[in-house]
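Here is what each chain is made of, one letter per residue.
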Amino acid sequence: MSNTKHGTTATTAVYGSSEMAHPAPTMTLPEKMTDAEIAYRMVKDETYAQTQPRLNLATFVTTYMDEYGTRLMNEAVGMNFIDQTEYPRVAVMSGRCINILANLWHTPEKGDWKTGAPAIGSSEACMLGGVAAWLRWRERRQKEGKSTDKPNLVMSAGMQVVWEKFCQLWQIELRQVPLTREHRTLCADEALKYCDENTICIVPIAGVTWTGLNDDIEELDAKLTAYNAKTGYDIPIHVDAASGGFILPFVSPDTKWDFRLKSVKSISTSGHKFGLVYPGLGWVIWRDKSYLPADMSFSVNYLGANISQVGLNFSRPAAQILAQYYNFIRLGREGYASIQNNCMEIARYCHERIGRMSCFENYATEVVNPLFVWCMREEYDRTANWTLYDLQAVLQQSGWMIPAYTLPKSIDDIVVMRMVVRQGMSRDMADMLLADIERAVKEFEKLKYPTSSRLAYQKRERQFGKVFTH
Ligand SMILES: *Cc1c(COP(=O)(O)O)cnc(C)c1O
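The rules we used
Residues numbered from 1 in each chain as written. Predicted model: local features only at pLDDT ≥ 70, side-chain atom pairs only at ≥ 80, totals over all residues. Heavy atoms only, no water. Salt bridge = Lys/Arg side-chain N within 4 Å of Asp/Glu carboxyl O. Core = buried A, V, L, I, M, F, W, Y, C linked by side-chain atoms within 4.5 Å. Buried < 20%, exposed > 50% of the residue type's maximum accessible area, 1.4 Å probe, protein only. Helix = DSSP H or I, 4+ residues; strand = E, 2+ residues; numbered from the N terminus. Domains from an automatic or database assignment. Contact = heavy atoms within 4.5 Å. Pairing = 2+ DSSP bridges. Axes fitted to C-alpha atoms, helices over the stretch in contact; angles between N-to-C directions. 1 Å grid on protein atoms, 1.4 Å probe; cavity = no way out; pocket = protein on both sides within 12 Å on 5 of 7 lines; lining within 4 Å. Points joined across faces, edges and corners; volume = space filled by probe spheres on them. Nonpolar A, V, L, I, M, F, W, Y, C, P; charged D, E, K, R; others polar. Buried area = accessible area lost by both parts, 1.4 Å probe. Polar contact = N/O pair within 3.5 Å; in protein donor to acceptor, adjacent residues only side chain to side chain.

Chemist: Any chance you could break down the pattern of salt bridges for me, citing the residues and the numbers?
Modeler: Applying the stated criterion to the full structure yields 21 salt bridges. Close ionic contact of E144 with K146 constitutes a salt bridge, the shortest N to O distance being 3.4 Å. Connected through shared salt-bridge partners, R353, R427, D431 and E438 make up one network.

Listed below in structure tokens is the structure:
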């Protein structure tokens, strides 16, 4: 039989089918059906050339879960969180996760159920924390008969893009406190200069995406408390703890960054980062229910059940929530601590080895989260024929994803490379990576002429002055 399109039969070999010899649909829905195995392979093969997820040290998001966690998620893949009449226990397990996190973060809230919500990731969780702060500010201003048309939010320029989105979508002025060489994290005194009666909240970050550092939240809280007392404002703190929320309690339990601090009214985190669940899962917790405006809880009568719902999305997958609860039971404090501390140890080991290479310099002396950034040493940079972008490209050839990028505004003349160590990275893998880096540098040092990326830098430097220093 000739292999005309759609002439596929059950006996056609997948790669002997006409579909495999023709372009995949890109614009319109195909008129006819495709054999399931062929369709499966076409989709699967689209992802074939991508890197090994565990060699991707660019992402913060979980790329390894154990077999039982994975099995639970696969078995729940069709389960909708919002179907609480059908799956009433999922809501209960979500509530238990919220309780566990609230207690891990030292909530003062009494009662059987702490106040919080699951989210698709930190992005949704940040949005919910931000909206709550904005509504609380607005209600207070309205009661005082004051204007509510100019809300603003204060945080460092080291913020993740979600805050730009939040401010854009809700039309809140984003006031970014610049990072400098002296202040590599949010400077509390500086932040307060950006505040006024219209500030809905200050957002410090535990685990700054760009650098891996932590804002000093304890200092900010102390200074903000004094500032609020002096001005009569009531500016709260929302902590963006996308990474830190699952790191600090285990690697640095005495660091005060959470509800132990008076001004911290809400905290968001990513369950799919160091919460060790596959994407997408986030959590937001409020200090107590008085900080979650009633306007944000929508009571819906859904299929006969009265459900109170906080998230931006209505339907959402339940599998991630089951997996989070599984991790809490399976690992406990001991398990999370052993995994996070191993990640820290491997990150510190890499940090030390990178710092010893004559071409590199670490951005910070300390590793406080299992990730760090480094740059080229200034003197080396002046005569090098290559850049960190070249190194990124070479490492990619052996499957490693180690991104090079410029730091945020006002320190954007610094090019860094970042390594995020997650569960799934062993000391042995770290040694393989370090050997690959050393080998690549050795090759670069044989270059007689600058690479095209180095030439581009030299050109920029001539035009705009020195751009590639530390
Ligand atoms: C990753 C990250 C976010 C966004 O989180 P998602 O879980 O990817 O939505 C927000 N803030 C910080 C500090 C982050 O690191």
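Chemist: Could you give an account of the nonpolar core, with specific residues and numbers?
Modeler: Counting residues in hydrophobic clusters, the biggest one holds 97 residues, and the most contacted among them are F360, W386, L388 and L391. With 17 residues, helix α9 (residues 319-356) is the largest single contributor of residues to this core. Each of domain 2 (70-328) and domain 3 (341-464) contributes no fewer than three residues to this core. In this structure L388 touches F360, W374, C375, M376, A404, V415, V416 and M417, once residues within four positions along its chain are discounted. With 30 residues, the next largest nonpolar core counts A117, A133, V284 and M296 among its residues.

Chemist: Residue-level account of the sheet that holds strand β13 (residues 415-420), with values.
Modeler: Strands belonging to one sheet form pairs held by backbone hydrogen bonds; the direction of such a pair is parallel or antiparallel. An order of β10-β11-β13-β12 is seen for the four strands of this open sheet, with the pairing classed as antiparallel. In this open sheet, the two strands that pair with only one neighbour each are β10 (360-362) and β12 (404-406). Across the sheet, the axes of successive neighbouring strands diverge by a mean angle of 40°, strand direction being ignored. Relative to the sheet, helix α11 (residues 388-397) contacts β10, β11 (371-376), β12 and β13, its axis offset from that of β13 by approximately 35°.

Chemist: Break down empty space enclosed by the protein for me, with residues and values.
Modeler: All told, the structure shown has four cavities of 30 Å³ or more when counted by the stated rule. Empty space within the largest cavity amounts to approximately 60 Å³. In the lining of the largest cavity, the residues fall into eight nonpolar, three polar and one charged. Looking at which domains feed residues into the lining of the largest cavity, each of domain 2 (70-328) and domain 3 (341-464) supplies at least three.

Chemist: If you had to explain the domain arrangement of the protein chain to someone new, which residues and values would you point to?
Modeler: Each assigned domain of the protein chain is listed with its residue range as follows: domain 1 (4-49), domain 2 (70-328) and domain 3 (341-464). In this structure, domain 2 and domain 3 have C-alpha centres spaced 32 Å apart. Counting residues at the interface gives 22 residues for domain 2 and 24 residues for domain 3. When domain 2 packs against domain 3, close to 1800 Å² is buried across both sides, 60% of that on carbon and sulfur atoms. Broken down residue by residue, the surface that domain 2 buries against domain 3 is led by R181, W210 and F274, which jointly contribute 29%. At the junction of domain 2 with domain 3, the criterion picks out one salt bridge. D413 is the partner of R181 in a salt bridge, and the nearest nitrogen-oxygen pair spans 3.1 Å. On inspection of domain 2 and its partner domain 3, the count reaches seven residue pairs in polar contact (both at pLDDT 80 or more).

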